Amino acid sequence: MNISQLQILITISRCGSFSDAALELGISQSAVSRAIAALENELDVPLLVRGRFGAKLTSVGERIITHAQTIVDVRESIEYEANLEKALYNSRLRIASFRSAATHLLPPKIAQFQRAFPRVEVSLIECDPAGVEQLLRSGDVDLGLLPLPRSEDFATWEIARDEYVVLLPKVSRPVKEQLTWQELSTRSFILWNYAECTTAVKEHWAQWGQALKVSYIVKEDSTIVSMVAQGLGSAILPRLAAMPIPETVESCPLPVPLERVIGVAILSSSPPVPAVDKFLDVMRK
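In short, a report on the structure.

## Concerning the pattern of salt bridges
Argument step 1. Counted according to the given criterion, the structure contains 14 salt bridges.
Argument step 2. Of the charged contacts, one joins Arg 99 and Asp 221 as a salt bridge, the two residues approaching to 2.9 Å between their closest N and O atoms. With Arg 99 in helix 5 (residues 99–104) and Asp 221 in helix 10 (residues 221–229), this pair connects stretches of sequence that are 122 residues apart.
Argument step 3. For the salt bridge of Glu 133 with Arg 150, the shortest nitrogen-to-oxygen distance reads 2.9 Å. Here Glu 133, found in helix 7 (residues 129–138), pairs with Arg 150, found in the loop between strand 5 (143–148) and strand 6 (154–169); they are 17 residues apart in sequence, far enough to count as distant. Pair check on accessibility: Glu 133 and Arg 150 agree, each one buried.

Below you can see the structure in the form of structure tokens.
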């Protein structure tokens, strides 16, 4: 018994005749007849009834064909995995991400991917979201981590939500569990010189009819955290961007929650790449 004999039996049962099965398989009718005769001879049972109406499975043939289909399906799965491995052999995966996602979200996922596919070379570039988009458009990276939403040029999948927090210098009196807009209006803030997050914060304040006092605008999130620790002001950052939060800094939720959605993105027009597909599976889980 071999796979080709089982495939021929399955095709005959679907087509209803030896001639139609031969036409679909691209072989001669005599080759189809020989394969079925050999299979019936080996199993020592009739699998098909032939007649003017064509060919029809016998009762035992009906039972056997279920197992034959399973065997063929398993073989196709084996071939798929083998072909996938060959496609992944000595391939590469190029990732771009903004810093906080690269620091806190990607390392465990890359480690998980590398354990499963050790022959894939993985590289990581850190840059701001605009830079990630540019690298995706130019084809210099295969996928990127970005705040969502993005333009329709990208296919995206949400992988995390990152809450904005208020960072305050610790003082002798404990900070209330829940900050109020009234208390925040008395404070001066160090803003992040990063358009997407700063715009989100300003719009959130305006939505609730609040004024936002700004004392500094700083490029690096780590610098902002250090300045808060030194008592130079307060800040509003996504939690991942603020981490690690030092002991001298208090992290509090906003009076009304605000969060950013983080996703993995590929260029919509990108051709399918096995390494990218497998890494997307890891990220989506």
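## Focus: the packing of aromatic side chains
Argument step 1. Scanning the model with the defined rule gives 4 aromatic pairs in all.
Argument step 2. Between the aromatic rings of Phe 113 and Phe 117, the centroid separation amounts to 5.2 Å while the plane-to-plane angle is 45°, which identifies the pairing as tilted. An identical accessibility class is assigned to Phe 113 and Phe 117; each is buried.
Argument step 3. Between Phe 189 and Trp 205, the ring centres sit 5.8 Å apart and the planes meet at 75°, which makes this aromatic pair edge-to-face. With a gap of 16 residues between them, Phe 189 in strand 7 (residues 188–192) and Trp 205 in helix 9 (residues 195–207) connect regions that are remote in the sequence.
Argument step 4. Aromatic rings pair up to connect Phe 113, Phe 117 and Phe 279 into one cluster.
Argument step 5. For the cation-ring pair, Arg 284 lies above Trp 157, with the distance from its terminal atom to the ring centre recorded as 5.0 Å.

## A look at the pairing of strand 5
Argument step 1. A large share of strand 5 lies buried, amounting to 5 of its 6 residues.
Argument step 2. Where strand 3 (residues 92–97) lies against strand 5, 3 bridges are found, and the strand directions are parallel. Following the sheet pairing, Ser 97 is matched in strand 5 by Leu 145.
Argument step 3. Note: strand 5 against strand 11 (residues 259–267), 5 bridges, orientation antiparallel. Within strand 11, the position partnered with Gly 144 by the bridge is Ala 265.

## Description of the nonpolar core
Argument step 1. With 30 residues, the main nonpolar core has Leu 167, Leu 184, Trp 205, Ile 224, Ile 236 and Leu 254 as its most contacted residues.
Argument step 2. Among the elements that take part in this core, strand 6 stands out by supplying 5 residues, more than any other.
Argument step 3. Residues within four places of Ile 236 in sequence aside, it is in contact with Tyr 164, Val 165, Phe 189, Leu 191, Val 201, Trp 205, Leu 212 and Leu 254.
Argument step 4. Of all hydrophobic cores here, the second largest spans 24 residues; its members include Ala 101, Val 264, Phe 279 and Leu 280.

## Details of the packing of helix 6 (residues 106–116) against helix 12 (residues 274–284)
How two helices sit against one another is set out by the angle between their axes and by the gap between those axes.
Argument step 1. Where helix 6 contacts helix 12, the axes come no closer than 10 Å and their chain directions differ by 125°. With respect to each other, helix 6 and helix 12 are oriented oblique. The two elements helix 6 and helix 12 meet at a crossing, and its hand is right-handed. Contacts between helix 6 and helix 12 involve Leu 106, Lys 109, Ile 110, Gln 112 and Phe 113 on the former and, on the latter, Ala 275, Lys 278, Phe 279, Val 282 and Met 283.
Argument step 2. Residue composition of the contact of helix 6 with helix 12, by class: 7 nonpolar, 1 polar and 2 charged.

## Regarding unusual backbone geometry
Argument step 1. The omega torsion across Leu 148 and Pro 149 is 5°, close enough to zero to call that bond cis.
Argument step 2. Along the chain, the position of Pro 149 falls in the loop between strand 5 and strand 6.
Argument step 3. Here Met 243 and Pro 244 are connected by a cis peptide whose omega angle stands at -5°.
Argument step 4. Position of Pro 244 relative to the elements: it lies in the loop between helix 11 (239–242) and strand 10 (249–253).

## A word on helix 9
Argument step 1. The terminal C-alpha atoms of helix 9 lie 18 Å apart, and with 13 residues this matches the ideal 18 Å at 1.5 Å per residue to within 8%.
Argument step 2. The set of residues buried in helix 9 consists of Cys 197, Thr 198, Val 201, His 204 and Trp 205. The arc enclosing the buried residues of helix 9, seen along the axis, measures out at 125°, which places them on a common side. Facing away from the buried side of helix 9 by more than 90 degrees, the exposed set consists of Ala 195, Glu 203, Ala 206 and Gln 207.
Argument step 3. Lining the buried residues of helix 9 we find strand 6, helix 8 (181–184), strand 7, strand 9 (234–238) and strand 11.
Argument step 4. Looking one or two places after helix 9, you find Gly 209, whose phi comes out positive at around 65°.

Reading the values: rules and limits
- Residues numbered from 1 in each chain as written.
- Predicted model: local features only at pLDDT ≥ 70, side-chain atom pairs only at ≥ 80, totals over all residues.
- Heavy atoms only, no water.
- Salt bridge = Lys/Arg side-chain N within 4 Å of Asp/Glu carboxyl O.
- Helix = DSSP H or I, 4+ residues; strand = E, 2+ residues; numbered from the N terminus.
- Buried < 20%, exposed > 50% of the residue type's maximum accessible area, 1.4 Å probe, protein only.
- Phe/Tyr/Trp six-rings, centres within 6.5 Å; stacked < 30°, edge-to-face > 60°.
- Lys NZ or Arg CZ within 6 Å of the ring centre and 35° of its normal.
- Pairing = 2+ DSSP bridges.
- Core = buried A, V, L, I, M, F, W, Y, C linked by side-chain atoms within 4.5 Å.
- Contact = heavy atoms within 4.5 Å.
- Axes fitted to C-alpha atoms, helices over the stretch in contact; angles between N-to-C directions.
- Parallel < 35°, antiparallel > 145°, perpendicular 65-115°, else oblique.
- Left-handed = near helix turned anticlockwise from the far one by under 90°.
- Nonpolar A, V, L, I, M, F, W, Y, C, P; charged D, E, K, R; others polar.
- Expected span 1.5 Å × (residues − 1).
- Arc of directions from axis to C-beta.

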